[in-house]
Amino acid sequence: MTAWSYYIATLTVYFGVNVLSALSLNLQFGFAGVVNFGYILFQAVGAYIAAVVVLGPSSAFQQYVFGARLPFGVALLLATLAGAVLSLLIGLFSLRNIRRDYQAAILLIISLMATQVVQGYVPLFNGSNGVTGVPRPLSSVPLSLQGYQWAYAGWVLLVAALAYALVTWLSRSPWGRALRALRDQEDAAAAIGLNVTALRLQVFVIGGALAGLSGGLLVEYIGAWSPDAWGYAETFVIFTALFVGGIGNYRGAVLGVLLVPIIFLELPRFLPQVGYPGLMDSMEWIAIGAIWMLCLYIRPQGIVPERRNRAARTAAADARPARESVEVA
Amino acid sequence: MGSTLVSAIGFGVVLASIIAIAAMGFTIQFGLTNVLNLSFGAVMTFAAFAAYLANRHGVGGWSGLGVGGAAGAALTLALGRGVFRPYARRGAHLFEMMMVTLGLSLIVNYAIQALSHNNIYQFVVLPSTPLHLGSILITHTQLIIVFIAIGVLIALISLLQLTKVGKALRAMAADPDLARACGIRTGRIVVLTWLLSGFLCGLAGVVYIINAQSVGYTTGQLFLPLVVAAAILGGAGSPLGAVAASLMMGIVTEIVAAFGSEAYSTVAGFGILVVVLLSRPGAVRGGETGHTQLTL
Amino acid sequence: MSLLAAHDVVVAYGGVRAVNGVSLELAAGESLGLIGPNGAGKSSFLAALGGQVRLTAGSIALDGEEVGGMPPYKRARRGITRTFQMTSEFAKMTAFENLVTAGHGAEGASLRNVVVRRRRTRAAERAVAARAWSVLDRFEMAHVADLYGAELSGGQRRLVEIMRCLMREPKVLLLDEPMVGVAPHLVDKLLADLRSIRDDGIALVIVEHALEVVQELCERVVVMALGRPIAAGTFDEVVSEPEVQAAYVG
């Protein structure tokens, strides 16, 4: 029973983290039209930063930059900040008005470059071996191992729910509306006074912050982080989840994350072993590719359709559009 | 220092030759379709494995080139008609097409990984007798590779400039609607483009593993950024441009590898691609070839 | 001082000079028509005024301030708005939302205002909504408020585009062939609407091929051919000039 409990708790943590990733990508793609194929890099930077600020000083065992023993809450904040700062830097030169496919390729390549750099330059984050031994938050609290895992899972779900609320609230705001306008007709949006570049950058940075946060949460659970954990292909899994669930659609994003990384990718675990070890992994990637292409063919909008905002009119002085429980994106 | 530089340049020329063959294939395709076909690397790997398997069944070293070229041509044609065209018909624009090629590359690469049991196989097929050209240490085989690249360039330029088919291809790349209106059999030209670019892609894959002396499922994929950078830098549809850019990329990569490290040469290659993508004038809306319509 | 002053504006694409030295002044509240044969550079000049194309040479000043180097969004914030040849309504938003988005503009949509000044944003939301309803009522479009942009007819889309501009309370409204895509029975309504906007004191610059529209709406007309102005005056004056007739026919 404990093995099952551990498995489900871990799955829940991954679900929460993936929801954060999906929210981030959805914001960036759905709203700013930026296809961040390098997403995993921003999650990785959050994870690394969160790790090195709780691990204490660098040692002979593992080398890394910074190094401190800060409380886990601060580590999470720094992880979020790291994601935001990196997105700002990368966004400043890659968000200009270029062909979308070039832009997507650029972001992908940047994450590939980062992998090479981290693996090659060991003093940065201990190269290919990565960092390990990240202490778990609140380990002084007397909980059984099982209890702790569930508590952490609950914590991650809470953060994910808060992020969801934040993102949907932002989408409904005038800011979110401006983003939908620029996504729709960029020239017209500029012609009504919207600074398209600045808006895109803001979305990108907020997405990056969420990515960094997701990385921090993940590393504080797993306790270790290395280049294996942030291969470029991970980004595609989340994108596939978004396609299945619906681009620009937050409810759909959560559904997609449930269907793809959680259910679909975990299912094979319960199937009988076929072929040589590792064959299943290859098959999973093939399946992801196939779903990807199927979604592109059938419904670029995804499974869950967007809903319309109706404007209700009350007294002229208090005319406020009535918003039902809306999918605003 | 000086001799390291010269020897790096020598290696650079060899690498450039390999890149050039692939880049010429890519640029032909890109010049016509304007699509960033990221499954190009997967096709290279496919052709490389085809040559490897042929070799296991007794096909000699250099004949593997023909096998690989044919495999590349066949797969590219199949993908072009069977995958890209239906998506284009459904209204996919440039960006969606790139996404399609990404999905395709996932499928093909991991299928190859599955079939190859995720192993790397030796491909020591041709002798590596070294030659000394000054301080450049190069093998016989590598020299032949350079000549193959030159041969391909000459053949391609002759095809494009001198033959009727080549002129039709250039016309279509410039303005597909006008070409169609002038009576050019555009459907045929598209097929030819797939076959030609696929052949070159396959050829490059085999040449690559002849040089690297091993083949695995990541063969093409790791190589792709250099190829794309060279093709785009050299100008869509221009074989000569592709070769010139390949020379630059190959030499820079080897120099960085010689004076820095292997990992940094990869980073340099990637970095060049990023700069190219950011700075190409065709990178603003309307794309490299000026037309946003898909010609598939 | 004139409201909008263009001085020796040149717009070149590659080697081609689409606009080859156009100087023009527009007074506040004045309505100007830009006519001429195809390829005369009228739309390019309009784009130069709006900021959609970069000036190769020359200057453009709004209320004395040089705006020639400014991107479109900055010019919009200073009072220059425009419609596009192909209607640019936000297709995936309702007509109402189109107006509200414009009403908020950059100020209301700024992240800082939305996050930090929440009460003010809520109040602004109400105020903008009220204004949007009044604009919709004025142009008798309240019944389409909830239709997506994509669901509107050509004439309705054009009107939404124009109403959106009005939400900005602009000084200048640039219209690029406003009658394109508008069904004949709606042209009269659109004409009346534009007249009412002109009467409100908003300066108009209209590029149009439908000469009756120009005749109806514009106090002053400038004729362009091959990138330069070849005649200026009232509609009747301009139309009877031999060069103008030659440009259209020849």
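As the structure is a prediction and not an experimental result, all values here were calculated from the model.

Undergrad: Looking at this model, I keep getting lost on the overall build of chain B. Mind explaining?
TA: For chain B, the count of helices and strands is 11 helices and 4 strands. A globule of 296 residues ought to have a C-alpha radius of gyration of about 19 Å, and chain B, at 19 Å, matches this closely. With respect to the three principal axes, the spread of C-alpha positions in chain B is 55 × 40 × 35 Å. Among the 296 residues that make up chain B, the fraction classed as buried is 56%. Considering only contacts within chain B whose residues lie at least 6 apart along the sequence, 77% involve residues at least 24 apart.

Undergrad: I would appreciate a short explanation of the interface of chain A and chain B in the present structure.
TA: Where the parts come together, the accessible area they lose is often given as the size of the interface. At the junction of the two partners, chain A supplies 33 residues and chain B supplies 35 residues. Secondary structure elements with two or more residues in the side of chain A that touches chain B: helix H4 (100-120) and helix H12 (279-298) of chain A. Take the side of chain A that touches chain B: its biggest share by element is 14 residues, from H4 of chain A. Classifying every residue of the side of chain A that touches chain B gives 23 nonpolar, 7 polar and 3 charged.

Undergrad: So what exactly am I meant to see when it comes to the environment of Gln62 of chain A here?
TA: Residue and element names in this part refer to chain A. Within the secondary structure, Gln62 is located in the loop between helix H2 (39-52) and helix H3 (72-94). Classification of Gln62 by C-beta neighbours within 10 Å gives partly exposed; the count is 18. When the C-alpha atoms of Gln62 and Glu186 are compared, they prove to be 48 Å apart, with 124 residues separating the residues in sequence. Leaving out residues up to four positions away in the same chain, Gln62 has contacts with Asn126 and Val131.

Undergrad: Sorry, what's going on with the interface of chain C and chain A here?
TA: Taken together, the contact between chain C and chain A spans 40 residues of the former and 30 residues of the latter. Mapped by element, the contributors of at least two residues to the side of chain C that touches chain A are helix H2 (72-78), strand S6 (80-82), helix H3 (95-109), helix H4 (111-115) and helix H5 (118-138) of chain C. Of the residues contributing to the side of chain C that touches chain A, the split by class is 20 nonpolar, 11 polar and 9 charged.

Undergrad: Can you walk me through the confidence of the model for chain B in this structure?
TA: Parts of the prediction with low pLDDT should not have their coordinates interpreted in detail. Residues and elements named next belong to chain B. Per-residue confidence for chain B gives a mean pLDDT of 87, with 95% of residues at or over 70. The model gives residues 283-287 a pLDDT under 50, and that stretch makes 14 contacts with residues more than four places away or in other chains. Interface confidence in the predicted complex, given as ipTM, is 0.90; pTM for the same model is 0.86.

Undergrad: So what exactly am I meant to see when it comes to H12 of chain A here?
TA: An α-helical segment advances 3.6 residues per turn. Residues three or four places apart therefore align on the same side. For H12 of chain A, spanning 20 residues, the distance from its first C-alpha to its last is 28 Å, which sits close to the expected 28 Å at 1.5 Å a residue. Along H12 of chain A, the residues that are buried comprise Ser282, Trp285, Ile288, Gly289, Ile291, Trp292, Met293 and Cys295 of chain A. Lining the buried residues of H12 of chain A we find helix H10 (233-245) of chain A together with helix H4 (94-115) of chain B.

Undergrad: For this particular structure, what's the right way to read the sheet that holds strand S10 (residues 228-233) of chain C?
TA: Remark on secondary structure: sheet strands pair via backbone hydrogen bonds, oriented parallel or antiparallel. Residues and elements named next belong to chain C. Spatially, 6 strands are ordered S6-S7-S8-S3-S9-S10 in an open sheet, and the strand pairing comes out mixed. Strands at the two margins of the open sheet, each flanked by one partner only, are S6 and S10. Strand-to-strand twist in this sheet, taken as the mean axis angle between neighbours without regard to direction, amounts to 20°.

Undergrad: Would you explain the environment of Pro123 of chain A in this entry?
TA: Positionally, Pro123 of chain A belongs in helix H5 (residues 122-125). Spatially, the C-alpha atom of Pro123 of chain A lies 9.2 Å from that of Ser58 of chain A, the residues being 65 residues apart in sequence.

Undergrad: Would you mind showing me how to read the sheet that holds strand S4 (residues 57-62) of chain C here?
TA: All names here are of chain C. With antiparallel pairing, the 4 strands of this open sheet are ordered in space as S2-S1-S4-S5. The open sheet terminates on both sides in strands that have one partner only, identified here as strand S2 (16-26) and strand S5 (65-66). As defined by bridge partners, strand S1 (residues 4-13) adjoins S4 across 5 bridges and the pair is classed as antiparallel. Bridge pairing links His7 to Ser59 in S4.

Undergrad: Teacher, can you tell me more about the pairing of strand S8 (residues 203-207) of chain C here?
TA: If a strand is regular, its side chains alternate between the two faces of the sheet. All names here are of chain C. In terms of burial, S8 is largely enclosed, as 5 of its 5 residues are buried. Of the two faces of S8, both are covered, the one formed by Ala203, Val205 and Val207 as well as the one formed by Leu204 and Ile206. Pairing geometry for strand S3 (residues 31-35) and S8, over 4 bridges, is parallel. Bridge assignment links Leu32 to a residue of S8, and that residue is Val205. As defined by bridge partners, strand S7 (residues 172-176) adjoins S8 across 5 bridges and the pair is classed as parallel. Bridge pairing in S8 links Val172 to Ala203. Crossover S7 to S8 through helix H7 (residues 184-199) is right-handed.

Parameters at a glance
- Residues numbered from 1 in each chain as written.
- Chains lettered and ligands numbered in written order.
- Predicted model: local features only at pLDDT ≥ 70, side-chain atom pairs only at ≥ 80, totals over all residues.
- Helix = DSSP H or I, 4+ residues; strand = E, 2+ residues; numbered from the N terminus.
- Rg over C-alpha atoms; globule rule 2.2 N^0.38 Å.
- Buried ≥ 20, exposed ≤ 12 C-beta atoms within 10 Å, placed from the backbone.
- Contact = placed C-beta atoms within 7 Å.
- Nonpolar A, V, L, I, M, F, W, Y, C, P; charged D, E, K, R; others polar.
- pLDDT = per-residue confidence, 0-100.
- Expected span 1.5 Å × (residues − 1).
- Pairing = 2+ DSSP bridges.
- Axes fitted to C-alpha atoms, helices over the stretch in contact; angles between N-to-C directions.
- Right-handed = clockwise from strand over helix to strand, strands pointing away.

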